[in-house]
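# Chain and residue survey
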Amino acid sequence: MQNSAMTRNHELNVQQDLAAVLHPYTPLDKIGQTGPVVMTRGEGVYVYDDQGRRYLEGLAGLWCTSLGFSEERLVEAAARQMAALPYYQLFAGRANEPSIELSDRLIGMTRHLGMDKALFANSGSEANDQAVKVIWYYFNATGRPRKKKLIARERGYHGVTVMAASLTGLPGNHADFDLPISDRVLRTGCPSHYHYARDGESEAQFLDRTVAELEALIEREGADTIAALFAEPMQGAGGVIVPPPGYWERVQAVLRRHDILLVADEVICGFGRLGDLFGCDTYGIRPDIMTVAKALSSAYIPISATLVSGAIYQGLIEGSRRNGVFSHGVTYSGHPVAAAVANETLKLYQERDIVGHVRRVAPRFQQRLQALAAHPLVGQARGVGLVGAVELARDKQRRLPFDPASGILNHAYTAAMELGLIVRPLRDTLAVSPPLIITETQVDELFDKLGQALDRGLDAARGAGLVG
Ligand SMILES: Cc1ncc(COP(=O)(O)O)c(C=O)c1O
């Protein structure tokens, strides 16, 4: 049905959506009953739906709209570049000015972490996917063709392309998709004491075991067959897993001992989310490759990048010499409009000292988050910087989750929506990761509403006899 001439309204949106949209990450058997929530405009940290309802976007879209939903400077940057040169590619040694400027800026921001060159793509998944290709190419070119296996962690999230989803350590991303695709992916533990500690195991003992299990895996498989570990500095979509102190130092020592590369997936952590420019800064990580997306353009336009060290780049030159051309890239690698928006985003971070702002607001955010740990429905509250999660539990002491079929998490999530707050349900948690521009007053609004939503979840759990 063609309706371009019709005035859009909620009813028409729902009707056409249900008729034609295949929704990603959505229960497809239920969307017909609930219908879509259609957003039509944004203002700062708020979005408005097609019925005029306002929501505080507590997850910044998908952990990404760092500068909120109405930054005019980004709109103007896109319009200027569209008018000057709407498209030009980087293949065959061609270039465009925005992508040159953006590479210079990104390498300037990450040189202290060892990065040397930027390879652009459009999404976090692609940035990780091409990181895998870069690594395989590099080891072939430098005479170590056996080094091919990749280690990734339980609850790790690296995206949804065939390879990125294979690295992702969440069952829903594999089931019935015939993934992981490759026996080159090895799985190691997630550093969450709350979820994976054995009975009576202290945090220190848990950390010892987690690191020892990683090393045992490497020894079992043979370090000469293992190329890299892919990891988020702080695991986001897996449930906001904040690594215990000392974790990264010890993991990196293991990797160095066995000559294994480290890919830091900064797709959520990058550009200030944790209170430093990168998660690598927060945790003292020195990676060989970094992947960035989301806040790179405040999500106003798709763009991502795989940043590689000088040593890896030298290997790619070798491979290219051997093969004639480094035969990788997508039509939109370094798209000038996307690069122009990313440049403006990074300029705004600097001009407005966004990292400083996060550091100023984060203590309030974390204090309000931690206060929810006392809520009868909450087993654990955890977070860092401007990211947090509450884990729901039917038994706090024994850390027992609700049966997913009980619908309690969904009840609290829906209650938050009714109260005008968007959070993200992830397994047994509700995650929050608002635009980085959020003010202290808005932080209070976010947690007031989250608290009320949990109260409603508690009422439902009590009503169903699930908690005392
Ligand atoms: C850490 C991390 N890596 C990769 C991705 C995938 O990014 P995209 O959805 O842009 O493909 C995400 C998305 O949430 C992410 O959180």
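Note that the structure is predicted; figures quoted are calculated from it, not measured.

This paragraph deals with the site of the ligand. The ligand sits among S123, G124, S125, N128, Y157, H158, G159, E232, D265, V267, I268 and K294. Here an oxygen atom of the ligand and a side-chain polar atom of S125 are 2.5 Å apart. Taking K294, its side chain carries an N or O atom lying 2.8 Å from an oxygen atom of the ligand. Considering every element that reaches the shell around the ligand, the biggest residue donor is helix α6 (residues 124-141), with 3 residues.

Turning next to the domain arrangement of the protein chain. Along its sequence, the protein chain is carved into domain 1 (37-70 + 354-463) and domain 2 (74-351). On a C-alpha basis, the centroid separation for the pair domain 1 and domain 2 is 27 Å. Each side of the interface is counted separately: domain 1 has 34 residues, and domain 2 has 32 residues. The three residues of domain 1 that bury the most area against domain 2 are W63, R399 and R427, which together make up 25% of that side's buried surface. Counting across the domain 1 and domain 2 interface gives 1 salt bridge. Close ionic contact of R359 with D276 constitutes a salt bridge, the shortest N to O distance being 2.6 Å.

In this section: the sheet that holds strand β12 (residues 387-392). Reading across the sheet, the 4 strands line up as β11-β12-β15-β14 and stay open at both edges, with antiparallel pairing between neighbours. The sheet terminates laterally at β11 (378-384) and β14 (424-426), the two strands that pair on one side only. Averaged over all pairs of adjacent strands, the angle between their axes in this sheet comes to 20°, without regard to strand direction. Helix-sheet contacts for helix α14 (residues 354-371) involve β11, β12 and β15 (429-432), and the interaxial angle to β11 is about 170°. Sheet contacts for helix α16 (residues 440-463): β11, β12 and β15; angle to β15, the most-contacted strand, approximately 170°.

Cut-off values and rules
- Residues numbered from 1 in each chain as written.
- Predicted model: local features only at pLDDT ≥ 70, side-chain atom pairs only at ≥ 80, totals over all residues.
- Heavy atoms only, no water.
- Near = heavy atom within 4 Å.
- Polar contact = N/O pair within 3.5 Å; in protein donor to acceptor, adjacent residues only side chain to side chain.
- Helix = DSSP H or I, 4+ residues; strand = E, 2+ residues; numbered from the N terminus.
- Domains from an automatic or database assignment.
- Contact = heavy atoms within 4.5 Å.
- Buried area = accessible area lost by both parts, 1.4 Å probe.
- Salt bridge = Lys/Arg side-chain N within 4 Å of Asp/Glu carboxyl O.
- Pairing = 2+ DSSP bridges.
- Axes fitted to C-alpha atoms, helices over the stretch in contact; angles between N-to-C directions.

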